[in-house]
Amino acid sequence: MDVEAVVGRTASLPCDIEPDSNEDRVYMVLWFRHAGGKPLYSFDVRGRSFNKALHWSDPLAFGRRAYFVTMSRPSSLTVDAVQLDDEGIYRCRVDFKNSPTRNFQIRLNVVVPPHQLLLYDEAGRDVAGVVGPLEEGGNFTLLCELRGGRPKPTLSWLINNTPLEDHTVLKNDGKIIISKITVSGAERSWLNTTVKCQATNTPLLSPQERTARVEMNLKPTSVSIVDKPGRLSADSEVTLVCVAHGSRPPAQISWYRENRRYTRGKHSEFINETSSISKLTMLPQPEDDGATIRCRADNPILRVALEDSVRLSVVYKPVLTMSLGSTLNPNDIKEGDDVYFECNIRANPKEHRISWYHNEEQVTQNMSSGVFISTKSLVLQRVSRRDGGLYSCRAANQLGETSSQSVYLRVQYAPTCAQTSPLVLGARLDSSLRVRCSVSADPADVAFYWQFNNSGESFQVSPARYVSTGGTASELRYRAASERDYGALLCRATNAVGRQKKPCVFQIVPAARPSPPRNCTAKRFDINMETILTVRCIAGYDGGLSQYFTLEAVGETGRILANNTADTSDLIVWLNVSWSELESLSVNEVLSVSARNSKGVSDPVLIRDLVYKDAAKHTEDTTRVSSKFPTTAAIAGVVAVVTAAVITTVLLLKKRNEASSSSKRPSQSVVQVDANGRRYLIAYPAQDKLETKPDILNPKADSEPPRVVLESSDNKTYSIKEAGQHKSSYQPPTIEEDMVTINFSQFFSPDPLGSRL
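Calculation rules
The residue numbering used here restarts from 1 in each chain and proceeds along that chain's sequence as written. For this predicted model, a pLDDT threshold of at least 70 governs which residues receive local features, and a threshold of 80 or more governs which side-chain atom pairs are given and counted, while totals over whole chains, interfaces and linings are taken from all residues. Side-chain numbers come from the whole structure's heavy atoms, not from hydrogens or water. Stacked, tilted and edge-to-face are the three classes assigned to paired rings of Phe, Tyr and Trp, where Trp is represented by its six-membered ring and a pair needs centres within 6.5 Å; plane angles under 30 degrees give stacked, over 60 edge-to-face, the rest tilted. In this description a helix means any DSSP run of H or I spanning at least four residues, a strand means any run of E spanning at least two, and both kinds are numbered starting from the N terminus. Only protein chains enter the accessibility calculation, which uses a 1.4 Å probe. A residue is then buried if its area is under 20% of the maximum for its type, exposed if over 50%, and partly exposed in between. A ring is considered to have a charge above it if a Lys NZ or an Arg CZ atom is located within 6 Å of its centre and within 35 degrees of its normal. In this description, a disulfide is simply a cysteine sulfur pair whose atoms lie within 2.5 Å. Between any two strands, at least two bridges found by DSSP are needed for them to pair. Here, residues are in contact when the closest pair of their heavy atoms is within 4.5 Å. Polar contact is the term for a pair of N or O atoms within 3.5 Å; when the atoms are in protein, one must be able to donate a hydrogen and the other to accept it, and sequence-neighboring residues count only if both atoms are side-chain atoms. As used here, the term nonpolar core means buried Ala, Val, Leu, Ile, Met, Phe, Trp, Tyr and Cys residues forming a set that is joined through side-chain atoms within 4.5 Å. Here an axis means a line fitted to C-alpha atoms, over the contact stretch when the element is a helix, while the angle between two N-to-C directions is reported on a 0 to 180 degree scale. Any Lys or Arg side-chain nitrogen found within 4 Å of a carboxyl oxygen on Asp or Glu counts as a salt bridge. You can read pLDDT as the predictor saying how much it trusts each residue, on a scale of 0 to 100.

Before going further, it helps to spend a moment on the packing of aromatic side chains. Enumeration according to the criterion identifies ten aromatic pairs in this entry. When the centroid spacing of 5.2 Å and the interplanar angle of 45° are considered together, the rings of Phe 43 and Phe 68 count as tilted. Of the two residues, Phe 43 sits in strand β4 (residues 41–44) while Phe 68 sits in strand β6 (residues 66–69), which places them 25 residues apart along the sequence. The two residues Phe 43 and Phe 68 agree in class, both being buried. Linked through ring pairs, Trp 31, Phe 43, Phe 50 and Phe 68 together constitute an aromatic cluster. Lying across the ring of Tyr 357, Arg 394 places its NZ or CZ 3.8 Å from the centre.

Now the structure itself:
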C-alpha cells in the first residue's frame, strides 16, 4: 500500500499484527527497508507480556524518530520529522506463536509542499492584500506565481470562493508555475470581493493561498438638496441640507452661488463609506434674491461630480444706492450750474414711496425754485452754495423704509465775507493794529488785496503790509498816524471761480470805552446742592476794543462778584455768582453789570428789585439811583450844558468844512459808522497843508494834530486834555447813549466838550 507523508511531519506505516485466532499471539514484529536483510526496527514479545514488549530502533535509520504503536487498528510504525530520504518501500514481518509469518509492503511517499506563493499585478507590484483601487468599469490583471513543491502542485483561482476557470498558465517548468487572470469592466458589485490564488500537491495539507480584497473608486450616484425652501426673508437664517450617495471615497460637497464658491455662512459635514451630508446655515441677503444656490458632490479621485440647485426668493426692505448724475463732474460744480441725483432702488416687494433729503431735511418739489423730483431722480437748477451738503434718498415697501448712503454735493463759489461786515475796530493813534480778514470760498485757494477809503481818497494797500494766515484769511498790519487815517479798510479775495463781489469792510474809528450791556435778567438755579445766581445780558458796542464784563455789588464798598467775556457767536454774556455771597450783601447794596475795555468802563446796568430769598423778580434799571451816581437834577443840568456845547461844535465844524471845500481833501470830515444799530460822529481837524495821499502805514511823526479828548482814571471824574496838559475836570452826566469823541483844531476854553451823547 502507498502512504504519503509531508516532509518534516509524521508518517504512519501500517502493519496488521492481529492473530487469526484468539489462541494465537504475536511473538515479534520486524521492519525492513526494501529488500535489506537487517531490520531497522523490532518489536519483541517473546518470553514476556505484550505490554512489556521490547522496542528497538536502528540508530542509523530512524533512531528515536520511530515508535511502534499497537493501540491503533491496525498497528503502525510512526516516524516523526519525516525526511526526504525516508521515502521508499518498507516491509513489515509479523511472527506469531502458531500462525505463519505475515509480510506487509508499504511504499512511503514524502511530499514537499510549495515554498513560495506570490500574487502581484502587471507591474510586478505585490497587491499586499488589496487589489486596486479599481475604477468603476475599469480593467485589472493579476498574476499568481508558485515556486517549489513535490509532487508538482496545481494552481487555482477563486473569486468570492467561486472557482474561476478562465485563467492562463504562463509558465510551468517543474520549479515555477505562473498563472494569470484578466478582468474587464469591473462593476460596482466587485467592491470588497476577494480574489484567491491557491496551490496544492497533497490532501494532507490545506492549500496554500494568497488572498486580495478588491478596492474600488466609485462615482456618486445621486446628490440632492432636501426640503428646498420657498420664500426666504432677508436677515433670517435658513439651513440647506445636501445629501450625496454612492461615491467612494465619500464625495466632497461644496456650495456655490451662481458660479462662485459660496463662503459665507456655517458649514458642517457628515460622511460614511459611500454617503456624505452637508449642512449650510446662511443668512440671505437682498442680493441673493433670484440667485441660484448649487450643491456639488465631487469624487476627488475620479474627478466626477453631480449637482443639484435651488433658486432663492428673498424678500427684503429696499436697498438704495445714491449717486450724482453720471454726466456730472463732482469736482467741477459751481454756483449757477444744474445738477441731478439718481437713486437706484432694489426692493422685494416693490417700493411704494420714495423721498429725498438734504442735510436730513426733506426736499419737496418747488418748480419756481428749480427743484424737480421725478420717480428716481432729483434735479436742482441754478444751485447756490446753500444747496451744498449731504443728499440721500429713502424708499419704503411693505417690510419697512431704508435710507441710502449720503452723497456730498460740493458747490464751488467765489469768496464771500465770513465775518460781520462792516466791522468797527477802535484804534489809537500811533498804536499797531492787526486787522484780520476771513472769507468763505470754495476752492479755498484765494488771493487777497486791500484798499483804504476815507472821505477824501481811496488807494490800494501795498501787499508787503499784509500776509495770508491760512488760505482763506489775510492779516493787515495797520497803524493810524493821524486823524485822517481813520476810515474804511476794504478786503477782497479772488479764487478760481471768480472775484468777491462785496468786500469785507473794517471801519477804523478812534477807540472808545464800551457801551453798557442791555436786556439783563437774573435767575436762580440749584446746581450740585449749591444755589447759583445767573445774570444774562446782551453785549453792547465794544468801543472797537476787546471788552469784558463784571458783576459787582454797588454800595459803600464796591466788590466785583464775577467777570466773563461775551460769546462771539451771539454776544450773550453769562455771569454766575454763588448765592452765599449774595446773602452777605447789605440791604443798601445792589447788583451792577458793566462792560470794560482798555479805554474805560461803560455805564453800569443795575439789577433792582432782586429779592435775595426769592429770585423770581429780576429786572434791569437803566436809571442811576445810587449814592455812587449823580442825582436827577445834576443829570439835567449837565445834559443842558453838553447839548449847548455840541450844537456850538457842530456849527463850527460845518463852517470850517465849507471854507475848505476847494481843497483836494476836506479840512474837516464827518464819518458816520453804523455798527449794530449805533452811529458814531468823528470830526477831523482842519489843517492848512494836507497830503493828498497820506501814507497810512508809515506816517510822519509831525503829522499828529492837536486834539481835545476826554479821559478818566476812576470812571467818576473826567478831564479834558490837549497835548497832555490838564485843563479842567467835571463829573459826567449818566445818559445811556453811545460814546462820541469830538476833536478840534485849536484849543477852546475848558468846557466839557468831550461828552457822551
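Let's pick the thread back up.
Our next topic: the state of the cysteines. As enumerated under the stated definition, the model contains seven disulfides in all. Here Cys 343 engages in a disulfide with Cys 393; their sulfurs sit 2.0 Å apart. Since a negative S-S torsion denotes a left-handed disulfide, the Cys 343-Cys 393 link at about 70° is right-handed. Here the residue Cys 343 occupies a position in strand β29 (residues 339–348), and Cys 393 occupies one in strand β34 (residues 389–397), the gap between them amounting to 50 residues. Residue class for Cys 343 comes out buried when judged on its relative accessible area of 3%. Given a relative accessible area of 0%, Cys 393 falls into the buried group. What pairs with Cys 417 in a disulfide is Cys 504, and their sulfur atoms sit 2.1 Å apart. Across the S-S bond linking Cys 417 and Cys 504, the dihedral sits near 135°, which makes this disulfide right-handed.

The next point concerns the pairing of strand β39 (residues 432–442). The pairing of strand β37 (residues 413–417) with β39 spans three bridges and is classified as antiparallel. Within β39, the position partnered with Cys 417 by the bridge is Val 439. Strand direction decides the pairing type here: β39 and strand β43 (residues 473–479), joined by seven bridges, are antiparallel. What sits directly across from Arg 436, in β43, is Glu 475.

Turning to the environment of Ser 222, a few remarks are in order. Of note, Ser 222 is situated in strand β19 (residues 222–226). With a relative accessible area of 31%, Ser 222 lands in the partly exposed category. Separated by 25 residues in the primary sequence, Ser 222 and Ser 247 have C-alpha atoms spaced 8.7 Å apart. When near neighbours in sequence (up to four residues on either side) are disregarded, Ser 222 contacts Val 243, Ala 244, His 245 and Leu 306.

Within the element layout of this structure, Thr 416 appears in strand β37. Beyond its immediate sequence surroundings of up to four residues, Thr 416 is in contact with Arg 385, Val 439, Ser 440 and Gln 500. Side-chain polar atoms of Thr 416 contact the side chain of Arg 385, separated by 2.8 Å.

Counting 27 residues, the largest nonpolar core has Val 29, Trp 31, Phe 68 and Leu 77 as the members making the most contacts within it. Secondary structure elements with two or more residues in this core: β1 (2–6), β2 (11–15), β3 (26–33), β4, β6, β7 (75–79), β8 (88–96) and β9 (102–111). Looking at which element gives the most residues to this core, the answer is β8, with four residues. Residue contacts for Val 29: discarding those within four places in its chain leaves Cys 15, Ile 17, Tyr 41, Ser 42, Phe 43, Phe 68, Cys 92, Arg 93 and Val 94.

Moving on, we get to the sheet that holds strand β50 (residues 572–578). Pairing within the open sheet is antiparallel, and its three strands lie in the order β46-β47-β50. Bordering the open sheet on either side are β46 (518–527) and β50, each of which pairs with just one other strand. Going across the sheet, the axis of each strand differs from the next one's by a mean of 20°, ignoring polarity. In this sheet, strand β47 (residues 530–538) lies alongside β46 in antiparallel orientation, the contact comprising eight bridges. Paired with Ala 522 across the strands is Val 535, a residue of β47.

Our next topic: the pattern of salt bridges. One side chain can pair with another of opposite charge once the charged atoms of both are near each other. Under the counting rule described, the total for this entry stands at 31 salt bridges. Residue Arg 296 pairs with Asp 298 through a salt bridge whose shortest N-O separation is 3.0 Å. For Asp 298, a relative accessible area of 19% gives the class buried. Its salt-bridge partner being Glu 351, residue Lys 350 comes within 3.5 Å of it at the nearest N-O pair. Take Glu 351: its relative accessible area is 13%, and that puts it in the buried class. Taken together, the shared-partner salt bridges in this structure form one network comprising Arg 294, Arg 296, Asp 298 and Glu 307.

Across the chain, the average pLDDT comes to 78, with 77% of residues at or above 70. Across residues 611–619, confidence stays below pLDDT 50; counting only partners more than four residues off in sequence or on other chains, it has 23 contacts.

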